[in-house]
Amino acid sequence: MADVMTAQKVAARTEDAVKVYGKGQTEVRALDGVTVGFAAGRYTAVMGPSGSGKSTLLHCVAGLDSLTSGRAFIGDVDLSTLNDQKLTILRRDRVGFVFQAFNLVPTISAAKNITLPLLLAGRKGDQAWISQVIEITGIGDRLEHRPSELSGGQQQRVAVARALASRPEIIFADEPTGNLDSRAGTEILTFLRRAVDEMGQTIVMVTHDPMAASYADRIVFLADGRIVDEMLQPTAERVLERMSRFGE
Amino acid sequence: MFKIALQSLLARKLRLVTTALAVILGVAFTAGTLVLTDTMSNIFDNLSASVYQGTDALVRAKAVFNGPNQMGEQRPNIDGSLVPALSHVPGVAAAAGSAFGYARLIGKDGKPIGNPANGAPTLGGNWSTVQALNPFHLVAGHAPQAPDEVVIDKQSARLGHLAVGDTTTVIANGPPLRVRIVGLAGFGTADNLAGASVVLFTTPVAQRLVAEPGKFSTIGFVADRGVSQQQLVSNLKRALPPGTEALTGAAAIKEQQDQFQKALSIFSKFFLIFAIVALVVGAYIILNTFAITVAQRTRENGLLRALGASRRQVLGSVLVEALAVGVIAAVVGLAAGVAVAAGLKALLSVFGLSLPAGSLVLNARTVVASLVIGIGVTLIAAISPARKAAKVPPVAAMQEATVGSSGYGSKQRLIVGLSILALGVAALFTGLFGHVGSAFLIVGVGVLLVFLGVSVLGRTIALPLSRAIGAPLPRVKGVTGTLARENTMRNPKRTAASASALMIGVGLIAFISIFASSAKASINATIDRSFAGDFVINSGAGSTGGGVDPALAQRLNALPQVAAATGERFGSMLILGQPYMIAAVDPRTAGQIFNVSPVQGSIGALGADGIAVYKDDATKHHLKLGDPVSVVFRDTGPKTLRVALIYGDNQAAPTANPGSKTSYFLGTPGYDANFAAPHFDSQVFVKKAPGVPAAAALAAVKKLSAQYAVGATVQDQAAYKAEQTKPINQILALIYTLLALAIVIALLGIGNTLALSIFERTRELGVMRAVGMTRRQLRGTIRWESVIIALQGTFLGLVVGVFFGWALVRAQKSQGITVFSVPYLTLILLIVLAGLAGVVAAILPSRRAAKLNVLRAIVTE
């Protein structure tokens, strides 16, 4: 862990993150003191059994949810110091999102969906970059279609293109292949990998699928709200083996 | 199923409230109207009873004919010698005559009290010396004894800032009179008789000033102890001269009450129309809301069906929900209705019609009506969505619900919509242009059908309409505008439904505005064309028979600055068997002032037996110049007049309603010979002498008027026109206020729809917020969506309203509305206000949407 954090820039991190839901008898500690850093230019996966807090961790470090205690940072910015307006603008300008489903706004075209954060900011964006993104994700021929006219795989590709289009500092993906068949899923994971390798993006992905996780450079394992393990240069077999030991 | 329905209802309490609100307002207005009507009915019943409280019998002249426009029976005065003569009839304990007629009291500031042309009458009368027969009682001072002493009612004293001991002026028979106030009177517990201002003199003075010397309007009798009213009347009947009649006090009270009831029913019908409008709009809202909620619960209903609920049970569950909403709406609406009644009472007094104090009356009928209407409207509106819910197949439980429209059956919709529209237009035209009974009802049904047809068709054109209206938004407001516009286009049926509710209110406002504008323009055009005078002296007495001293017109004619002046007197009579309110003008001078386009004869020929007839009426009754016309006067009975003038412009003739088409008028000699004194000129028209500057003429006229017609206003032509159109403006203001209710309900509907659609789009909104849409931007998209919907409804409303306005103006051509005038400024204002209303409707929903927790929205199931 130590060498990862000191050797490279950290795109996002948490310090002793605690997230508690409910009170008293019904209290749930989704995150129980998580300190983790996500290296810039790297593809990190967060894995764990259901109820491990992996999605909660993602939401909190992405600025979608607030911590009960501890701190979360995007770059050098402490998210707890931002009000809703500033947080929204931070997400718009510096963060990209790919959700498992329902990523897109159904009333506008794929092209507008891709540039949505830019449109909201009133910026034109880097046209060359956007063209490149569209080319990589291979949806150039579906740009004027509405999301309802696209297949599940195509919709996710548009979502990825959107996440990349504004050139964010970090992209958070929450089970991006969860709703896709294996072929479409592989496509998406390939795009994400290329984004890191060819375009220098930073990606943090939550997944339960060992195959998907194997695309990452590093996997952080969570259980019961705490980090319990790490794996570098993962393969699907090693991940599967590690996951099977979670029952013990 | 019953329990499930109720539980799901309670889970969404806010939605329940907003849905119910629309019907609550409609029921409140209905209940309010009924309560107000019952209250007023009660008040007037009590008032009538108070007038004849101590009267056991009444003797009066027999009615000669029934007057026009709900005036009631017309009867002449009765001879005063009957009082002593009938006092000797067995059973009579006391008798006294009552002399009442027009009089106008001038306040301390020189302004006349009361508005007899448009409101309660202003009366003068005698203070009865028999206490039991006097409906008034002293609250200050003493009864009048000297000829110049008067007692006035407490309300008038307050309005005119007069007190016991003050001297003021009274307009009655002859020149203005200076009088001394020696007492104030109350009427029962009220400060006056239903808003009527009263000046009470000694009996001989009253007879001279407001009735005829030696005569009375009625004679009242008090019975001896032990003698019933019936007994007294039969005794009196044996002693009555021909042409007179006697009735019991109870019968007199009933007569009075019936007259009030007639006036009241017109009044309550007026308000009930608005209640119906509010209910129709409310029904639209219910239908729309239930349609949305049913669509949102497609999966739920599919699940229920999959688990074994029958179609009937699902239908029933929606209806149970509607029933719950209806019951709440009815009960709350009833309670609110009482508040509405109080509000309407206050509203009326603002617009000039003040009512005496009295507590509000809540009848069983009102309670039952409110419940039936509230529940009925809600259930009926919910039937269609309920049936759709029942049609949901069980497999829907497994399917992902999509937020979108179904464009099915658009050809069918076109046909249905056009059919309903055609039916409505047919009914409308039949009612307006055909000569059928209950035309009003047919027109009402036609209006309803037209609205219904347009709202059905509205769904077909909703998509292109939203696109067109929202076209400038993407350019002006960027992605916020694009999203707003796209949202209105994604479910055109729902957009159209929300807009339709607003269409009704806007359509009616546009229609009324056009009609009023046309009426005003017609009046102005008529006055321009037919009125050659320069000034009008207005007594404010309208066509009630009151006015100013006729000597004024005479003196004006003698002025060097005046070329011609004529008074205008009013009275009712039967002409060829029909009752009319006719005007009489001075034949020596009126021809220079009224351009009636004489065809045969002249105004100057209107002698004591002359009558002027419009050329079409002359043709209809086969009348030539000089032919006899049989008429009946109240005071002189059946007479034969001769046609002295056949005229060509029936809108130019002297009339009680400028602009309307008038068939007959008289000359003052004929009037004076046949109507008993006192005679009053309601208005005096003056034409200045050529070469005299207007300012100088006006000054001379004003000086004389101040002397002979204290408190009357002197108007130039522009002011005269404004005066004629004032009543229209007053009614218009009242109608606008009432229609505002329909608009408010429609806005609630738009807000409701927005809130529901936001709920549907929660996940989508969450994604937008996640990728960086600020709260402000989100509020913006919802706000502009609301504005587009509001403008869509406005557009449809304007189209329908202009059509209605045109139709009614065409239909009323025969009544004198000859100019079709569109008040463009008003309509543009309406569009702007609708846009603002859209903004307002969006405030609450957009703020709630903006407050959505982003994370919870994204992971919403």
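Residue positions are given per chain, counting from 1 as you read along its sequence in written order. As a convention, the first chain written is A and the first ligand written is 1, with the rest following in written order. Given that this is a predicted model, residues contribute local features only at a pLDDT of at least 70 and side-chain atom pairs are listed and counted only at 80 or more, while totals for whole chains, interfaces and linings are drawn from all residues. Values shown for side chains rest on all heavy atoms present in the structure; no hydrogens or waters enter the calculation.

K.L.:
Tell me about the environment of Glu-486 of chain B, residues and numbers included.
P.N.:
Residue placement: Glu-486 of chain B occurs in helix H13 (residues 472–490). Considered as a pair, Glu-486 of chain B and Pro-474 of chain B are 12 residues apart in the sequence and their alpha carbons are 9.8 Å apart. Discounting chain neighbours no more than four positions away, the residues touching Glu-486 of chain B are Thr-107, Ile-108 and Arg-146 of chain A. Where helices and strands are cited, they refer to DSSP runs of H or I of at least four residues and of E of at least two residues respectively, numbered from the N terminus. Whether two residues are in contact is decided by their heavy atoms, any of which lying within 4.5 Å being enough.

K.L.:
Describe the interface of chain B and chain A, and please don't skip the residues or the numbers.
P.N.:
Counting from both sides, the interface comprises 23 residues of chain B and, opposite them, 24 residues of chain A. The quantity reported as buried area is the accessible area (1.4 Å probe) lost by two parts once they are put together, taken as the sum for both. Considering only the surface of chain B that becomes buried against chain A, Val-479, Val-771 and Leu-855 of chain B emerge as the three largest contributors, covering 27% of it. A pairing counts as a salt bridge when a side-chain nitrogen of Lys or Arg comes within 4 Å of a carboxyl oxygen of Asp or Glu. Taken together, the links from chain B to chain A amount to 3 salt bridges. For Asp-84 of chain A, the salt bridge is made with Arg-775 of chain B, and the minimal N-O distance between the two is 3.6 Å. What qualifies as a polar contact is a pair of N or O atoms within 3.5 Å, subject to a donor-acceptor requirement within protein and to the restriction that residues adjacent in sequence count only when both atoms come from side chains. Applying the counting rule to chain B against chain A returns 6 residue pairs in polar contact (both at pLDDT 80 or more). Across the side of chain B that touches chain A, the residue classes break down as 11 nonpolar, 5 polar and 7 charged. All residues other than Ala, Val, Leu, Ile, Met, Phe, Trp, Tyr, Cys, Pro, Asp, Glu, Lys and Arg, Gly among them, are scored as polar; the first ten of these are nonpolar and the last four charged.

K.L.:
Can you break down the side chain of Ser-156 of chain B residue by residue, with the values?
P.N.:
Residues and elements named next belong to chain B. Here Ser-156 shows up in helix H4 (residues 154–159). At 2.7 Å, the side chain of Ser-156 and the side chain of Asp-153 are in polar contact. In this structure Ser-156 touches Leu-105, Ile-113, Ser-197 and Val-198, once residues within four positions along its chain are discounted.

K.L.:
Go over the environment of Leu-576 of chain B with me, naming the residues and quoting the values.
P.N.:
All names here are of chain B. Its location among the elements puts Leu-576 in the loop between strand E18 (562–575) and strand E19 (578–585). Only protein chains enter the accessibility calculation, which uses a 1.4 Å probe; a residue is then buried when its area is under 20% of its type maximum, exposed when over 50%, and partly exposed in between. Owing to a relative accessible area of 30%, Leu-576 belongs among the partly exposed residues under this scheme. A C-alpha to C-alpha distance of 8.4 Å links Leu-576 and Val-632, two positions 56 residues apart in sequence. Excluding its chain neighbours within four sequence positions, the residues that come into contact with Leu-576 are His-621, Val-629, Ser-630 and Tyr-664.

K.L.:
Let's hear about a positive patch on the surface: which residues, and what values?
P.N.:
Residues and elements named next belong to chain B. Note on patches: the residues involved have over 30% relative accessible area and no salt bridge, like charges join within 9 Å, and the nonpolar side chains Val, Leu, Ile, Met, Phe, Trp and Tyr join within 5 Å. Only the protein chains shown count as covering a residue, and every accessible area follows the Shrake-Rupley method with a 1.4 Å probe. Charge assignment in this entry is limited to Lys and Arg as positive and Asp and Glu as negative, and neither His nor the chain termini are counted. Note on charges: their place is set at NZ of Lys, CZ of Arg, CG of Asp or CD of Glu. A grouping of Arg-311, Arg-387, Lys-388 and Lys-391 is seen on the molecular surface, where their side chains present a positively charged patch. Within the secondary structure, Lys-391 is located in the loop between helix H10 (364–390) and helix H11 (410–433). The class for Lys-391 is exposed, based on a relative accessible area of 54%.

K.L.:
Account for the packing of H11 of chain B against helix H12 (residues 439–469) of chain B, with residues named and values stated.
P.N.:
Residue and element names in this part refer to chain B. In this description, a line fitted to the C-alpha atoms serves as the axis of each element, helices being fitted only across the stretch in contact, and the angle between N-to-C directions of two axes falls anywhere from 0 to 180 degrees. Running from N to C, H11 and H12 cross one another at 160°; their axes reach a closest spacing of 7 Å. Judged on the interaxial angle alone, H12 and H11 are roughly antiparallel. Once H11 is placed against H12, the crossing between them reads as left-handed. Residues of the contact of H11 with H12, tallied by class, amount to 19 nonpolar, 7 polar and 2 charged. Each angle is binned into one of four classes, with values under 35 degrees roughly parallel, values over 145 roughly antiparallel, values of 65 to 115 roughly perpendicular, and all other values oblique. By definition, any crossing whose near helix is turned counterclockwise from its far helix by less than a right angle is left-handed, and any crossing with a clockwise turn is right-handed.

K.L.:
How would you sum up helix H6 (residues 229–239) of chain B? Please name residues and give values.
P.N.:
All names here are of chain B. Restricting attention to buried positions, one finds in H6 the residues Leu-232, Val-233, Asn-235 and Leu-236. Down the axis, H6 shows its buried residues gathered within 165° of arc, on one side only. Facing away from the buried surface of H6 by more than 90 degrees, the exposed residues are Gln-230, Lys-237 and Arg-238. For H6, the elements touching its buried residues are strand E1 (57–61), helix H3 (82–87), strand E5 (92–98), strand E15 (218–223) and strand E16 (244–248). What the arc measures is the spread of directions leading from the helix axis to the C-beta atoms.

K.L.:
Describe in detail the packing of aromatic side chains, supporting the description with residues and values.
P.N.:
Pairing of aromatic rings covers Phe, Tyr and Trp, the last through its six-membered ring, and needs centres within 6.5 Å; plane angles under 30 degrees mean stacked, over 60 mean edge-to-face, and all others mean tilted. What the rule picks out here adds up to 22 aromatic pairs over all chains. Measuring from ring centre to ring centre gives 5.6 Å for Phe-97 of chain A and Phe-99 of chain A, while their planes differ by 10°; the resulting arrangement is stacked. Considered together, Phe-97 of chain A and Phe-99 of chain A belong to a single accessibility category, that of buried residues. Ring centres of Phe-136 of chain B and Phe-187 of chain B lie 5.4 Å apart, and the angle between their planes is 65°; on these two criteria the pair is classed as edge-to-face. Here Phe-136 of chain B is found in strand E9 (residues 136–141), whereas its partner Phe-187 of chain B is found in strand E12 (residues 177–187), with 51 residues between them in sequence. Across this residue pair, the class does not change: Phe-136 of chain B and Phe-187 of chain B are buried. The lysine or arginine in question, Arg-13 of chain A, covers the ring of Phe-73 of chain A, its NZ or CZ lying 3.9 Å from the ring centre. Only when the NZ atom of a Lys or the CZ atom of an Arg is both within 6 Å of the ring centre and within 35 degrees of the ring normal do we say a charge sits over the ring. Between Arg-242 of chain A and the ring centre of Phe-221 of chain A, over which it is positioned, the NZ or CZ distance is 5.4 Å.

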